[in-house]
Structures are given as structure tokens and as C-alpha cells.
Amino acid sequence: MPGSLARACRAVRPGGPWDAVGGLTPPWVASPADTGEASALLAAAAEHELAVVPRGSGTSVSWGVPPARLDLVIDTLRLDRVIEHAAGDLVVRAQAGVTMDQLAGVLATARQQLALDIPASPGHGGQASWPTVGGVLATGAAGPRRLRYGTPRDLLIGITVIRPDGTVTKSGGKVVKNVAGYDLGKLYTGSQGTLGLITEAIFRLHPLPAATAFVTAGYADPGAAAEGVAAAAGSDLAPVAIEIDRPARDGLVRVAVLLEGDPGGLSERASLMRGVLGAGTATLDAAPPWWGAGPATPGAGAAAREGSTLIQIGFWAAALPGVLGAVDAAGRAAGLDPALAGSAAAGVLHAVVPGSAEPEAVAGFLAGLRERLARDLEPGLSGGEGPPARASAVVVRAPAAVQARIDMWGPVPSLGLMRALKNQFDPGHLMAPGRFAGGI
């Protein structure tokens, strides 16, 4: 072990099988306790040109492409303090290793929340493992309520990041309407750890709702389900989330709408929403079993087990009928029947192909899906009028045999700009090399 690495961080150990990322086991794992220690650690790693991959609780470590090389994993779990909760200002400052359930517990004492509703995932030994603040920012993950509250980049107002050479940088602050300087927080959100190590974040908060209600309906026809989603999203009943779940192509398409508000008017709003959907059942504080399974386990079933291929489809919400048609057509052509679930009204769906599927079939499905999305949705939403209904299909996770046959990211129009940013922020390509689009 390089002596400078041991001097920089008190908690450095040899890597083991549980530390592997994409099949690569790092020689060393370090766990800094504060920003200063993390800064010294990255400076030491840069001195020896060590390739670094940040890790929180590990819930998303299997996502994306394996790193091109791996010398050091930086574990952020010792960065576990909620530094400040300014309840009166609806703002919280937390270290990157704070888990989402830990943060929720602190905020709940003041009847407040960080409205991202990221679920726990199965961890080692079957134990639930909650994602960390840093992991949520690095992946840009968000739950069903993204329709109302947005994604991490929308709720982030300040961030502390250590650059690959050990320089500590900060962006934003503790004021919601902070307009000073560049909003680098949005750049780091979703960057998969390829630009630097996130050590602290500041978020704006929302009050916990006084009551919630779910309205669910089932549709035999995907087109009717898409119409129900559009009607619910366009209503004046202020839905907070609209999710769909379809375990099989010819099965029932389940739609669920979440409403929040005062208990006195919630029952009436739920009843009106039933009318908007054309049918269904309304329940107070009782989500359907498949609700909010999250990007790691969409569809909440056997198909979502580790080893499956998980594809995230992003699109303009109005293009939902075309997206459903593209998934079905590509599935039939490849002889596959992927499960489908997600935030339909927010333009995010997840398709899951079981791990038992032949890699060539999965590759064929992905290629067919991307081709149909580009061909059928790019011209425009209706008759070529208006802006194009752009859509993407990104593979979040896949077995190695599938990864060898596909491009995980697909076409990325801004790849040139992304390469320039990588070269500027990480000229030595030491941070998670090869993990992002285009081998960045």
C-alpha cells in the first residue's frame, strides 16, 4: 500500500470479493470520516495515478458499465452525519454517506421530508440496504413522486465535491433562491462518480402530507391505460404520482394515482379521480403492493431479481402510447415478454428482461426498441407538428454476457460536450474510468 494513502486516511484495508465492481476487485478500500480526510485521500490517489470508484451502501454498484480499471474504492459510509436541519427554512445539510432512511427519520421529527421516496434494495444476506445521499445524487435516482417534486437535481441547492486531484469545491448554499455562481450541482447529479467525490449535499425540503390516497384501475388495453394516465395527469386534481405496472405483454395494465392533501377533501378528490380513470378503487394510506418498487426492482416480481436486464426508457410523457407500442413490437420480434413499470406520467419506464433470456435475444430486443423509438417518435407527437418526442433506452444493469453484445447507453447526442467536461474535471481519467457513456 502506498504510504501516502495510509497517511491520508485512517481506515484503509485490502479489497475483498464484496468490494468488486463489475467483476474487478480493488486492491484497497478506504473509508474517510470527513471532507478533509477524503481530500487528502484523493490527492494521494492522484499522486500514484490510482483509478478510483466511489461507493455508498452499494445498492447501485452493479449499475452501468464495469470500470476500465480499479485500484481504490472509496467507501462513504463513515460520512454519516446530518450536519444541519434548518426546519424553519425547509433545508437540510447532510454528508454523502447518510442513508435515505436515516435522513427520513431525522426530518420526520419536524414533519418534513426529502421527497424522493427511494426504496431500499436487497443487500448481502437478504438484508434491506438503503441508498445513500451521495449514491442518489451520483445516479440521479428518483421515485414515483418525481411527477410532483422532481428529481435529485431539482431538490439539490448546494453540494461539496472533491475533484480528482484532492481540491475541495463547493457550489450553491443554504438558501433556496441561491443564484450566485454556476449551478454545478446539476452537473454532478447523475454523473456516476466520474467527475469527483460527493461528500456533502444541501437539499430543500417539503412538509409531510397530512394524508394520502391511492386510486387504482386496471386496463386490458394498453391504449386505454395510456389514455387513463393522460387524463389523470391533465386533471385539476393535483396528482403527486402516476405509476403503471404490466407484468406481461397481454396482461392487465395496472395504473395507480397518488393524491396528497388535507384529510377533509382527500376522499372527494379520490372519488373524482376514479371518475377520471373511468373505473378503479380508492384507498386511504394503502398503496398497491407493486407501488414504488424503484429502479432497482421495477415490476416487484421474480423478473426483477439480480441477474435480469434492466432498461430505463425516457420519453416525453405524451408519447406514452408510442412507447408502449415500441416495447411490444420489439419484444415480439425478439421472442421476449419484458415486464414494464414506472412513472408513466413523468416519462420514465423500466423494462425488465429475466436473466434466463438468451443474450442474443436481449440484444435484439434492445436494438429493436431503440430503432422503433427513433423511427416512430422522433418525427413529432402528431403529424410532424411541434418538437420531436425524443426517447432513449439506457441499460441500467445487465449480465456480463448481455453487456458484451450491447451498447449500454445507446446514442448520446451530447457526448462531445460530456467528453470535454470529463477532460476538464478529470484530465487523468482517474474517477470511475469507463463507467459512463462513450467510455468516459
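The notes below deal with the structure included here. In this numbering scheme, every chain counts its residues from 1 along its sequence in written order. Where totals are concerned, whole chains, interfaces and linings use all residues; where local detail is concerned, this predicted model gives features only for residues with pLDDT of at least 70, and gives and counts side-chain atom pairs only at 80 or more. To obtain the side-chain values, all non-hydrogen atoms of the structure were used and water was disregarded.

1. Focus on the overall build of the protein
Logical step 1: Looking only at helices and strands, the protein features 13 helices and 21 strands.
Logical step 2: Over its C-alpha atoms the protein spans a radius of gyration of 22 Å, differing by no more than 12% from the 22 Å that the globule rule assigns to 440 residues.
Logical step 3: Each of the three principal axes of the protein carries a C-alpha extent, and together these read 65 × 55 × 45 Å.
Logical step 4: Working definition: with a 1.4 Å probe on protein chains only, accessible area under 20% of the residue-type maximum means buried, over 50% means exposed, and in between means partly exposed. Scored against the burial criterion, the 440 residues of the protein give a buried share of 52%.
Logical step 5: Considering only intrachain contacts with a sequence separation of at least 6, the fraction spanning at least 24 residues in the protein is 69%.
Logical step 6: Just so you have it, the protein exposes about 18,200 Å², and 55% of that area is on carbon and sulfur atoms.
Logical step 7: In the protein, 35 positive and 37 negative side-chain charges are present, and the distance between their average locations comes to 3 Å. Helix and strand assignments follow DSSP, with helices taken as H or I runs no shorter than four residues and strands as E runs no shorter than two, numbered in order from the N terminus. We compute the radius of gyration over the C-alpha atoms and compare it with the globule rule, which gives 2.2 Å times the number of residues raised to the power 0.38. For this analysis, residues touch if any pair of their heavy atoms sits within 4.5 Å. The Shrake-Rupley method, run with a 1.4 Å probe, gives the accessible areas here. Residue values count only the displayed protein chains as cover. Two residue types count as positive, namely Lys and Arg, and two as negative, namely Asp and Glu; His and chain ends fall outside the count. Throughout, a charge is located at the NZ atom of Lys, the CZ atom of Arg, the CG atom of Asp or the CD atom of Glu.

2. What to know about the pattern of salt bridges
Logical step 1: A pair is scored as a salt bridge if a Lys or Arg side-chain nitrogen falls within 4 Å of a carboxyl oxygen belonging to Asp or Glu. For the structure on display, the rule yields 17 salt bridges.
Logical step 2: Where Asp-71 meets Arg-69, a salt bridge forms, and the shortest distance between an N and an O atom there is 2.9 Å.
Logical step 3: According to the relative accessible area criterion, Arg-69 is partly exposed, its value standing at 35%.
Logical step 4: Put simply, Asp-426 and Lys-422 hold a salt bridge, and the shortest N to O gap is 2.7 Å. For the pair formed by Asp-426 and Lys-422, the shared burial category is buried.
Logical step 5: Ionic contacts of the salt-bridge type, sharing partners, join the residues Arg-13, Asp-19, Arg-55 and Asp-75 into one network.

3. Comments concerning helix 8 (residues 222-234)
Logical step 1: Take the residue count of a helix, subtract one, and multiply by 1.5 Å to get its expected span. Here helix 8 spans 18 Å end to end across 13 residues, near enough to the 18 Å set by a 1.5 Å rise per residue.
Logical step 2: All of the buried residues in helix 8 are Ala-225, Ala-226, Gly-228, Val-229 and Ala-232. Buried positions in helix 8, seen along its axis, are confined to an arc of 160 degrees and lie on one side of it. Exposed and facing more than 90 degrees away from the buried side of helix 8 are Glu-227, Ala-230 and Gly-234. Relevant arc is that of directions from the helix axis to the C-beta atoms, nothing else.

4. Regarding the pairing of strand 18 (residues 309-315)
Logical step 1: With five of seven residues buried, strand 18 is to be regarded as a mostly interior element.
Logical step 2: Pairs of strands are assigned from DSSP output, requiring at least two bridges between the strands. As judged from the six bridges shared by strand 18 and strand 20 (residues 348-353), these two strands associate in the antiparallel manner. In the sheet register, Thr-309 faces strand 20, and the bridge partner there is Val-353.
Logical step 3: Where strand 18 lies against strand 21 (residues 391-397), six bridges are found, and the strand directions are antiparallel. Pairing of Ile-311 across the sheet is with Val-395, part of strand 21.

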